[in-house]
Amino acid sequence: TVNPEAPELCSTASIDEDCDGELNDDGAAGCETFWYDGDGDGYGDSDASQCLCGPDEESGYTAQQSGDCDDAQASINPGKAEDCSTAEDDNCSGGTNDEDAVGCTPYWTDMDADGFGLDDTMACTCTPVAPRDATVAGDCDDEASAVNPDADEVCSDEIDNNCDGLVNDSTSVDASIWYRDADGDSFGRAELTQTACTEPEGYVAT
């Protein structure tokens, strides 16, 4: 069973069945795939593999997983997290500075360019990419630049101008002061007031 035409067997690790001077031949019966790992990070070059009885430190075929996109840098492999501080494809995903990379910034879509984005449009990216370039959320109408959390609420329309969930409420800049008139004589108490856009029940303007 030992001669130049005999098959090399992984099950007999101490015997050179095919007499080639090697005990860990590529393609031996019972072999496993190992990839060339030039940087020793545990991930091998997808284009360089051998079927061996075990890892071969001398030849560099030691990795049991492939996918390394830069086998000269141990800091780059599929097991790494993408990092905004580098220009490389750290995790070998096929792109650089992926969404949710380490050091990313939350950005929201801001179609009306008022500096506020819609709450449900957030993505954590390394750089802003218009229209997802707002660093603050809270916009309730991303098609109207005059409507945002920094805007003044006004009584003259039926719009929630400042995105607080209320329309024409007491925060309106042009709201009036009304006085409590419990006896209905059209004159109110100066110290009992409400601020509102329209006359509340039981209140008067004087």
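Please refer to the structure placed before this passage.
Residues numbered from 1 in each chain as written. Predicted model: local features only at pLDDT ≥ 70, side-chain atom pairs only at ≥ 80, totals over all residues. Heavy atoms only, no water.

Enquirer: Tell me about the state of the cysteines, and name the residues and values.
Expert: In the structure shown here, the tally under the stated rule is seven disulfides. A sulfur-sulfur distance of 2.0 Å marks the disulfide that ties Cys10 to Cys53. When the S-S torsion is -85°, as for the bridge of Cys10 with Cys53, the disulfide is left-handed. Here Cys10, found in the segment before β1 (32-36), pairs with Cys53, found in the loop between β3 (49-52) and β4 (61-63); they are 43 residues apart in sequence, far enough to count as distant. At a sulfur-sulfur separation of 1.9 Å, the disulfide partner of Cys104 is Cys124. (Disulfide = S-S within 2.5 Å. Helix = DSSP H or I, 4+ residues; strand = E, 2+ residues; numbered from the N terminus.)

Enquirer: Tell me about the sheet that holds β3, and name the residues and values.
Expert: Taken in spatial order, the three strands of this open sheet run β3-β1-β4, and their pairing is antiparallel. At either margin of the open sheet sits one strand with a lone partner, and together these are β3 and β4. Shown here is a sheet whose adjacent strand axes are inclined to one another by a mean of 60°, direction ignored. Inspection of the sheet shows β1 paired to β4 by two bridges, in the antiparallel sense. Pairing of Trp35 across the sheet is with Ala63, part of β4. (Pairing = 2+ DSSP bridges. Axes fitted to C-alpha atoms, helices over the stretch in contact; angles between N-to-C directions.)

Any functional reading would require information that these geometric values do not contain.
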